[in-house]
Amino acid sequence: MTSTTTGGRPQRSRLSRLIRELWFQVVLAAVLGIAVGILAPGLGEDLKPLNDWFIALVKMIVIPVVFCVVTTGIASMDNLRKAGRIGVKAIGYFLVLSLASMLIGLVVANIFQPGSGLHVDPSSLNADDVPETATEHATFTGFISSLIPASLLGAITGDAILSALMVSIVFGVALNMAGEEGAPLTRGIKALSDVVFRIVGWVMRLAPLGTFGALATVVATYGAESLKQLGYLIILFTATCVVYVLVVLGAIMRACRLSLFGLIRFLKAELLVALSTCSSEAVLPQLVRKLEILGIGRPVVGIVIPSGFSFNLDGSAVYLTMASLFLAQAMGIDLSWQQQLVMVGVMMLTSKGTAGIAGGAFIVLASTVTAVGHIPLAALSLIVGIDRILNEGRVFINVLGNAVATIVIGKWENDFDTEQARKVLNSRTTAPPQAELDTAEVGADK
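Conventions and cut-offs
Residues numbered from 1 in each chain as written. Predicted model: local features only at pLDDT ≥ 70, side-chain atom pairs only at ≥ 80, totals over all residues. Heavy atoms only, no water. Helix = DSSP H or I, 4+ residues; strand = E, 2+ residues; numbered from the N terminus. Buried < 20%, exposed > 50% of the residue type's maximum accessible area, 1.4 Å probe, protein only. Areas by Shrake-Rupley, 256 points an atom, 1.4 Å probe, with all protein chains shown as cover. Core = buried A, V, L, I, M, F, W, Y, C linked by side-chain atoms within 4.5 Å. Axes fitted to C-alpha atoms, helices over the stretch in contact; angles between N-to-C directions. Left-handed = near helix turned anticlockwise from the far one by under 90°. Contact = heavy atoms within 4.5 Å. Nonpolar A, V, L, I, M, F, W, Y, C, P; charged D, E, K, R; others polar. UniProt positions renumbered as here; feature names shortened; annotations may be inferred. Patch = residues over 30% accessible without salt bridge, like charges linked within 9 Å, V, L, I, M, F, W, Y side chains within 5 Å. Salt bridge = Lys/Arg side-chain N within 4 Å of Asp/Glu carboxyl O. Phe/Tyr/Trp six-rings, centres within 6.5 Å; stacked < 30°, edge-to-face > 60°. Lys NZ or Arg CZ within 6 Å of the ring centre and 35° of its normal. Expected span 1.5 Å × (residues − 1). Arc of directions from axis to C-beta. pLDDT = per-residue confidence, 0-100. Parallel < 35°, antiparallel > 145°, perpendicular 65-115°, else oblique.

A. Just the overall build of the protein, in detail. Looking only at helices and strands, the protein features 22 helices and zero strands. Residue burial in the protein is summarised as follows: out of 446 residues, 53% are buried. Surface summary for the protein: the accessible area is close to 19,900 Å², and the carbon and sulfur share equals 65%.

As C-alpha cells, this is what we get:
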C-alpha cells in the first residue's frame, strides 16, 4: 500500500508540472480550438476577439521591451563601435539568408510546378476578392519614412518597431556618451526593464486563450474547402519549410556546434504561440528574454531581434517566390529565368518596407506583381483563402530563423556563453516562469 502511494506521487507530480507548462496549455488550447471550429463553426467565428485581445496585449508591451533592451544594452557598452559592428553583421546576415530563402522557393516552384494544370482564365478572376491592404504597395521612400517618428516620445509610445528601434539606438548612444551624468537614467531604465519583463510573463500566460480563439476562428471560417482547393500548394510549401529548417538552419546550428532540436525544444512555447496566432510579433518580448537566458549578450539580442523581425523574414521570403510562380503557372504564364530573377530583386527591396504591417508578405506579393507586371493583380484572389494557412510556415521560420541569427551574431561578436547555451539546450526540462525571469534579470545586469 505504501509503495503504491509512493509510486503514485511522482506520477501526479509530473502531470501537475506538465499542466503548468505554457507549451502544454497552448497545445491543449489548440486542440480545443480546432474541435470548436469543426463542431460549432458559429461559436468559432465569435471567438475571434480572444486572439485579437491577446495580440493587442502583446503589441502593448513590444515597444517598451525593445526600448529597454536596446537602450540599456548600448548604454552599458564600453565601446560604441560594437553597436555598429553588430548592426552591420546582422544586416549582412539577413540579406544573405533572405536571398537564399527566395532562391530556394524559386527552385522548388520550378521543379514541382504547383500551379500547372489549373488553367485559370484571367477574365474569370474577381479583383474584389483581393483585400484592400494589398493595394498599399511598399516603396523604398515609404520604408525610410517609417524609420522617422513624428516625435521622440511618440516612437516609444507608438506601435512601429522600426522607428522605436531607431530612437532606442539613438537614446542608448546618447546615454553612453553622457557617462556619469546619464548613469541615473540608465539605472532607471534597467529598473523599468525588470518591471516590463514581469508584465511580459503575465501576458504570455494568456497565450492559450489567444490560441484557442485563433484556431477556432480559422477552422470555422475556412474549414476544409480551402485545403481541398489548393492542398498541393499548402503541402509543398509546408514540406519546403520543413526542409529549410532541417537543412539550412540545421547546418547553421551545426556550424555553431549547437543542437537545432534543442533550440526548438527550448523555444517550443514561443513557436507554438507564433504558429497558432500567426504573429511573429506575439512572441518578440518572450523571445528576447529566452535568448538572454541562453547566454547571448543583451546588446546583441537587443539589436538583432527587433531588426530581424523587420529584415530577416526567411519564411516570408520562401513564400513570396513560391506564391508568385504558383500564380504564374496557374494562369499559364511562362516566366523566363531572367524575369524570375528580376522578380526576386524587386522582392528584396519591397519586403523591407512592410515591417509591422499586418499581412506584410501578402502586401509584398501584391507590390511585386504590380511592379513586375507579368501577372494580373486579380490573380491574388486565388490564394487569399489559404494565405492564413500558409502564414503558419512563414511565422515558424521567421521566429526560429531570428533566434538562430542572434546565436550566429552572438558567437561572431564573442558575446555568447557557449557552455550556458549547451547546458540549457541539453536540458530536458523547462524552467518555471519565475526561475526564467530571475535568470533573465541576472543576465541583464551583466
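B. Structural detail: the nonpolar core. In this structure, Leu 263, Leu 294, Tyr 319 and Ile 383 are the most contacted members of the largest nonpolar core, which totals 120 residues. Per element, the largest residue contribution to this core is 14 residues, and it comes from helix H4 (residues 48–75).

C. Inspection of unusual backbone geometry at higher detail. Despite not being glycine, Gln 113 shows a phi value in the positive range, around 50 degrees. Locating Gln 113 in the fold gives a position in the loop between helix H5 (81–112) and helix H6 (140–147). Positioned with a positive phi, Arg 257 is a non-glycine residue whose angle comes to about 60 degrees. Topologically, Arg 257 is positioned in the loop between helix H12 (231–255) and helix H13 (260–266). Relative accessible area serves as the criterion here: at 67%, Arg 257 is assigned to the exposed category.

D. Molecular detail of the packing of H5 against helix H16 (residues 298–311). Packing of H5 against H16 leaves a shortest axis separation of 10 Å and a crossing angle of 35 degrees. Classified by chirality, the crossing of H16 by H5 is right-handed. Residues Ala 83, Ile 86, Gly 87, Ala 90, Ile 91, Phe 94 and Ser 98 of H5 lie in contact with H16, whose contacting residues are Pro 299, Val 300, Ile 303, Val 304, Ser 307, Gly 308 and Phe 311. Looking at side-chain class alone, the contact of H5 with H16 contains 10 nonpolar, four polar and no charged residues.

E. Structural detail: the UniProt feature "transmembrane region" (unreviewed entry) in the protein. Taken from the UniProt record, the annotation "transmembrane region" (unreviewed entry) applies to residues 22–41, 53–78, 90–112, 160–178, 199–224, 230–252 and 357–384. Here residues 22–41 runs as 95% helix and 0% strand, with 26 Å between its end C-alpha atoms. The span residues 90–112 is 100% helical and 0% strand by assignment, and the distance between its end C-alpha atoms comes to 33 Å.

F. Here's a closer look at a nonpolar patch on the surface. On the surface, Val 242, Val 243, Leu 246, Val 247 and Phe 261 cluster together into a nonpolar patch covering about 450 Å² of accessible area. The element that contributes the greatest number of residues to the nonpolar patch is H12, accounting for four residues. The exposure class of Val 243 is partly exposed, given its relative accessible area of 47%.

G. Spotlight on the pattern of salt bridges. If you walk through the whole model with that rule in mind, you get six salt bridges. Residue Glu 413 pairs with Arg 85 through a salt bridge whose shortest N-O separation is 2.9 Å. Taken together, the residues span a long stretch of sequence, with Glu 413 in the loop between helix H20 (387–412) and helix H21 (418–425) and Arg 85 in helix H5 at a distance of 328 residues.

H. Here's a closer look at the packing of aromatic side chains. Enumeration over the complete set of coordinates arrives at three aromatic pairs. Here Tyr 93 and Phe 94 contribute two aromatic rings whose centre-to-centre distance is 6.3 Å and whose plane-to-plane angle is 75 degrees, an arrangement assigned as edge-to-face. Residues Phe 237 and Tyr 319 carry aromatic rings whose centres are separated by 6.2 Å and whose planes lie at 80 degrees to one another, so their mutual orientation is edge-to-face. One end of the pair, Phe 237, is in helix H12; the other, Tyr 319, is in helix H17 (residues 314–330), and 82 residues separate them in sequence. Just as Phe 237 is buried, Tyr 319 falls in that class too. The ring of Phe 266 has Lys 290 sitting right over it, with the charged end atom 4.8 Å from the ring centre.

I. Structural context of helix H2 (residues 22–39). Look at H2: 26 Å from first C-alpha to last across 18 residues, which is about the 26 Å you get at 1.5 Å a residue. Looking only at H2, the buried set comprises Leu 22, Val 26, Ala 29, Ala 30, Gly 33, Val 36 and Gly 37. All buried residues of H2 fall inside an arc of 135 degrees around its axis, so they share one side. Opposite the packed face of H2, turned more than 90 degrees from it, sit the exposed residues Val 31, Ile 38 and Leu 39.

J. Spatial organisation of helix H15 (residues 284–294). The element H15 is extensively covered by neighbouring structure, given that 11 of its 11 residues are classed as buried. For H15, the complete set of buried residues consists of Leu 284, Pro 285, Gln 286, Leu 287, Val 288, Arg 289, Lys 290, Leu 291, Glu 292, Ile 293 and Leu 294. At the C-terminal side of H15, Gly 295 shows a positive phi close to 115 degrees.

K. Just the environment of Ile 235, in detail. Inspection of the secondary structure puts Ile 235 in helix H12. C-alpha of Ile 235 to C-alpha of Pro 114: the two residues are 121 residues apart in sequence and 9.8 Å apart in space.

L. Up close: the side chain of Lys 89. Note on placement: Lys 89 falls in helix H5. If we skip the residues at most four places from it in the chain, Lys 89 touches Ile 409, Trp 412 and Glu 413.

M. Layout of the confidence of the model for the protein. Averaged over the protein, the pLDDT score is 77; the fraction of residues at 70 or greater is 78%. Across the protein, element-level confidence peaks in H13 with a mean pLDDT of 92 and bottoms out in helix H22 (residues 433–444) with 42. Contacts from residues 1–9, a stretch scored under 50 in pLDDT, to residues over four places away or in other chains number zero contacts. Here residues 131–135 is a poorly scored stretch, pLDDT under 50, and it has six contacts once near neighbours within four places are set aside; other chains count.

N. Fine view of the packing of H5 against H20. Contact geometry for H5 and H20: axes closest at 10 Å, N-to-C directions at 135 degrees. In terms of axis orientation, H5 runs oblique to H20. For the crossing formed where H5 meets H20, the hand is right-handed. Residues Ile 86, Lys 89, Ala 90, Tyr 93 and Phe 94 of H5 form the contact with H20, whose participating residues are Asn 402, Val 404, Ala 405, Val 408, Ile 409 and Trp 412. In the contact of H5 with H20, the residues fall into nine nonpolar, one polar and one charged.

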